[in-house]
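Secondary and tertiary structure notes
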Amino acid sequence: MAVADNNARRIVFTGAAGGIGTMIRPLLAKAYPGLILSDKVEPQNLRPGETFVAADLAKPEEVAAAVEGADAVIHLGGYSVEGPWDAILQSNIVGCYNLFEAARQAGVKRVVFASSNHAVGFYPRKRRIGTDVTVRPDSRYGVSKAFGEAVGALYADKHGMSVTCLRIGNVGPRPLDVRRLAIWLLPEDLVQLIQIGLEHPDIRFEILYGASDNATAWWDNSRARQLGYRPTGKSKDHRAHAEAEQAKIGPDAVGDLFQGGSFCSLEFTNKVERAGP
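First, a word on what this report is: a plain description of the structure on this page. (Residues numbered from 1 in each chain as written. Predicted model: local features only at pLDDT ≥ 70, side-chain atom pairs only at ≥ 80, totals over all residues. Heavy atoms only, no water.)

As for the layout of surface pockets
In this model, the second largest pocket occupies a volume close to 190 Å³. Of the residues contributing to the lining of the second largest pocket, the split by class is 6 nonpolar, 4 polar and 4 charged. (1 Å grid on protein atoms, 1.4 Å probe; cavity = no way out; pocket = protein on both sides within 12 Å on 5 of 7 lines; lining within 4 Å. Points joined across faces, edges and corners; volume = space filled by probe spheres on them. Nonpolar A, V, L, I, M, F, W, Y, C, P; charged D, E, K, R; others polar.)

Rendered as structure tokens:
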């Protein structure tokens, strides 16, 4: 779905040195040569044409410098797991606001925001959900992603920015356990979703699920398919591996009930029957 003038577009990619960023950088580079990479630390093995701009998301002036002159931003930066409140606050809430506001001031036309399945992690696994459900975060991290979706909606409606929020499942070459058979996302499929966010003419504000073609999926991702998404990964091809890995983990009385898994059981003090919708 890449367009002819990609060589002339300035696309900033935050979180470029992170785990997902490292996986998809080579794939993105094929469609978008000359990416502007940003993170706190420089990614390894910069490719010809790639430029690195160091930026701490909690520092507005550094974020502004990173997105200066950008046409679009792929925002994967931030704290990527559950953590202490202050770490989540600075990276994922203050940092997310700083990113959108700097993008507005720089005249950025499109933002693809890496949200997470943990924004809806307390939905039960037996329930299939779309993107129009009330957020039910399973963690402080999940709360920060729900916040990011809300900020994206604000900047789309108030400032005319085209914003795509991807509720990413688990990115990698294959699912890591049985839970991830439902939420697995092949790196190539993530890049396809990012391209939709960067290129599709009908994008105003969208929430899409970041999942491949998984037979046991908990999510209705029909909107992504309407926009042209054609995932190639099939988690069923890796079921034997996932089940073998699951046997090493053992049961989780709380996490096994909910889509967010161990994020739900971490610090859990409620009664199970009172949790989730």
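The discussion continues.
Some thoughts on helix α1 (residues 19-31)
Roughly 45° is the biggest bend found in α1, and it falls at R25, with proline P26 one to four residues downstream. Where α1 is buried, its residues touch β1 (11-14), β2 (36-39), β4 (72-75) and α6 (187-199). (Bend = angle between axes of the 7 residues up to and from the residue. Helix = DSSP H or I, 4+ residues; strand = E, 2+ residues; numbered from the N terminus. Contact = heavy atoms within 4.5 Å.)

Some points on the pairing of β2
Across the two faces of β2 the burial is the same, with I36 and S38 and L37 and D39 all buried. With 3 bridges joining them, β1 and β2 adopt parallel strand pairing. Residue pairing in the sheet places V12 in a bridge with I36 of β2. Each parallel crossover has a hand, and for β1 linked through α1 to β2 it is right-handed. Where β2 lies against strand β3 (residues 51-54), 4 bridges are found, and the strand directions are parallel. In the strand pairing of β3, S38 is matched with V53. (Buried < 20%, exposed > 50% of the residue type's maximum accessible area, 1.4 Å probe, protein only. Pairing = 2+ DSSP bridges. Right-handed = clockwise from strand over helix to strand, strands pointing away.)

Regarding the packing of α1 against α6
As a packed pair, α1 and α6 sit with axes 9 Å apart at the nearest point and diverge in direction by 60°. As the angle between them shows, α1 and α6 are arranged oblique. You can see that α1 and α6 cross each other, and the crossing is right-handed. The residues of α6 that touch α1, namely those facing I20, M23, I24, L27, L28 and A31, are P187, E188, L190, V191, I194 and Q195. (Axes fitted to C-alpha atoms, helices over the stretch in contact; angles between N-to-C directions. Parallel < 35°, antiparallel > 145°, perpendicular 65-115°, else oblique. Left-handed = near helix turned anticlockwise from the far one by under 90°.)

Some thoughts on the nonpolar core
Counting 30 residues, the largest nonpolar core has F13, L28 and I194 as the members making the most contacts within it. Examining the composition of this core, we find that 6 residues originate from one element, α6, more than from any other. For I194, the contacting residues outside a window of four places in its chain are I24, L28, I74, V112 and L166. Residues L57, C96, V111 and V163 belong to the second largest nonpolar core, which totals 25 residues. (Core = buried A, V, L, I, M, F, W, Y, C linked by side-chain atoms within 4.5 Å.)

Here we look at the packing of helix α3 (residues 85-106) against helix α4 (residues 140-159)
Axis angle and axis distance: for two packed helices, these are the angle between their axes and the distance between the axes, and together they describe the pair. Two numbers describe how α3 lies on α4: the axes approach to 10 Å, and their chain directions differ by 15°. In terms of their interaxial angle, α3 and α4 are classed as roughly parallel. Of the two possible hands of crossing, α3 and α4 adopt the one that is right-handed. From α3, W85, I88, N92, I93, C96, Y97, F100, E101 and R104 reach across to α4, where they touch R140, Y141, S144, K145, F147, G148, V151, G152, Y155 and H159. Per-class residue counts for the contact of α3 with α4 are 10 nonpolar, 5 polar and 4 charged.

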